[in-house]
Amino acid sequence: MISVVVIGKNEGERLSACLESISSALHVLSHEVIYVDSRSIDDSLERAKALKARCFVVEEEHPTAGLGRLIGAREARGEFLLFLDGDMRLLPGFAEKALMTIAQTDAVGVCGIRRDIYLKDGQEAGRNDNYFGCTQQRLCPEFGGALFISAEALKTCGGWSGDTIACEEAELHARLKDAGLKIVEIPVPMIEHLDSVRDNRGLWGVIFSRRRLGEGQAFRCAMKQKKAGAYVRHEQLKFVFFALDLLAVLLAFLLPGLGAVFLCMLESMQLGYLMVKGCPRAFVSQKLFFFAFPAGLCTYRVRSRSYQSY
C-alpha cells in the first residue's frame, strides 16, 4: 500500500485539487491519504475530511514542513510513502513508474519531473515545465517536498527533521546518501506545483529569508544527529566557498592591503568558476549564504512533536 502524506496550511481550493488529483492518479493502486495541517484558520481541514483523508493537526505554534512530514510518516501504514505539499497536484502514471523503478534497481526512492506554475493575482504569470532539468534517469542530485520512498528506508536514515524552517529536504537527502540509500530521478511527470510570484521583500528579507536561515538550521539538525559531515559533503561547494570567503575576510581585517587584494581575486575566481559551470546567479546566492548561514545556526530550536487527530 502507498501512504500519501500531504502537508498544508490555509491551502483552501488548492488542497481540494491536490487530494482529488491523488484519488484520480492512484485509483488503481491500494493507497491511503494522510493530511497533516499546520494550524490552518480556513476550511482546509473540513475539505480534507470531506475527501476521506485521515487528518492530524500539529500543536506546535510555529510548525515546519518537516514536522508535518514527520508526523505523517509516523501515522502511515503503507510500505511506500509519497510526500506532497498541499499546493501540488499528483500526475497520473508516476506512482506506477516509481514502483517499477524501485523493483528494477537498488533505489529506495524516486522523484520525477516537477512542473512549476507561477501565479500572480490568481492568474498564471509563468511556468517551468522541468524545474530540476531531468531528461534521463539519474541519481537524484536534489529533491523538494515531493518524494516517493520506502517506509523502511526513511526509518533507517532517521526520517524527516521537524526543527528547521527550510532545507529539510537537503538535510534528509544527506543522511540518505550517508546510509548508502539511493534516490533516483526519472524523466516522468510527477507533480504540478502552484507557486505565487513573490513581491519585493527588500534587502533584509532577501538575505534573511526562511530558506537561507533554514540552511544554517539544517546544519544544526545534522549536528544533532551526528551527521554534520554528511550535510557538508552534500552541500560541499557552498561550504568550500564559505570557508574561502571567511578566510579572505579575516585576512582583509588583519592585513588590509594584502587581504583586500586576496578577497578581490577570490571573488573573481568564484564568479569565473560559476560562469563556466553555467550558473553565474549562484554567485549571489553564495554571498547571501555567507551572511545567512551563521544567523540560521543561531535561530535553530527544537519543535514540539505533539499533534492531534481530527
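One structure accompanies this document, and this report is about it. Just so it is clear, the structure is predicted and the values come from calculations on it, not from any experiment.

What counts and what doesn't
- Residues numbered from 1 in each chain as written.
- Predicted model: local features only at pLDDT ≥ 70, side-chain atom pairs only at ≥ 80, totals over all residues.
- Heavy atoms only, no water.
- Buried < 20%, exposed > 50% of the residue type's maximum accessible area, 1.4 Å probe, protein only.
- Helix = DSSP H or I, 4+ residues; strand = E, 2+ residues; numbered from the N terminus.
- Pairing = 2+ DSSP bridges.
- Polar contact = N/O pair within 3.5 Å; in protein donor to acceptor, adjacent residues only side chain to side chain.
- Contact = heavy atoms within 4.5 Å.

A few words now on the pairing of strand E9 (residues 147-150). Burial along E9 is two-sided: the residues Leu147 and Ile149 and Phe148 and Ser150 are all buried. Pairing geometry for strand E4 (residues 80-85) and E9, over 4 bridges, is antiparallel. Opposite Leu81, over in E9, you have Ile149 as the bridge partner. The pairing of strand E6 (residues 107-120) with E9 spans 2 bridges and is classified as antiparallel. The residue bridging Val110 from the neighbouring strand is Phe148, located in E9.

The next point concerns the side chain of Ser44. Mapped onto the elements of the fold, Ser44 is located in helix H2 (residues 44-50). Residue classification places Ser44 among the buried positions, given a relative accessible area of 0%. Reaching out from Ser44, the side chain makes a polar contact with the side chain of Asp42 at a distance of 2.7 Å. Apart from the residues within four sequence positions on either side, Ser44 is in contact with Asn10, Glu11, Gly12, Leu15, Tyr35 and Asp37.

Okay, unusual backbone geometry next. If a residue is not glycine, its phi is most likely negative; likewise, a peptide bond is most likely trans. Phi is positive for Asn10, close to 55 degrees, though the residue is something other than glycine. The exposure class of Asn10 is partly exposed, given its relative accessible area of 31%. Positive phi outside glycine occurs at Lys226, with the angle close to 60 degrees. In this fold, Lys226 is placed in the loop between helix H8 (210-224) and helix H9 (228-234).

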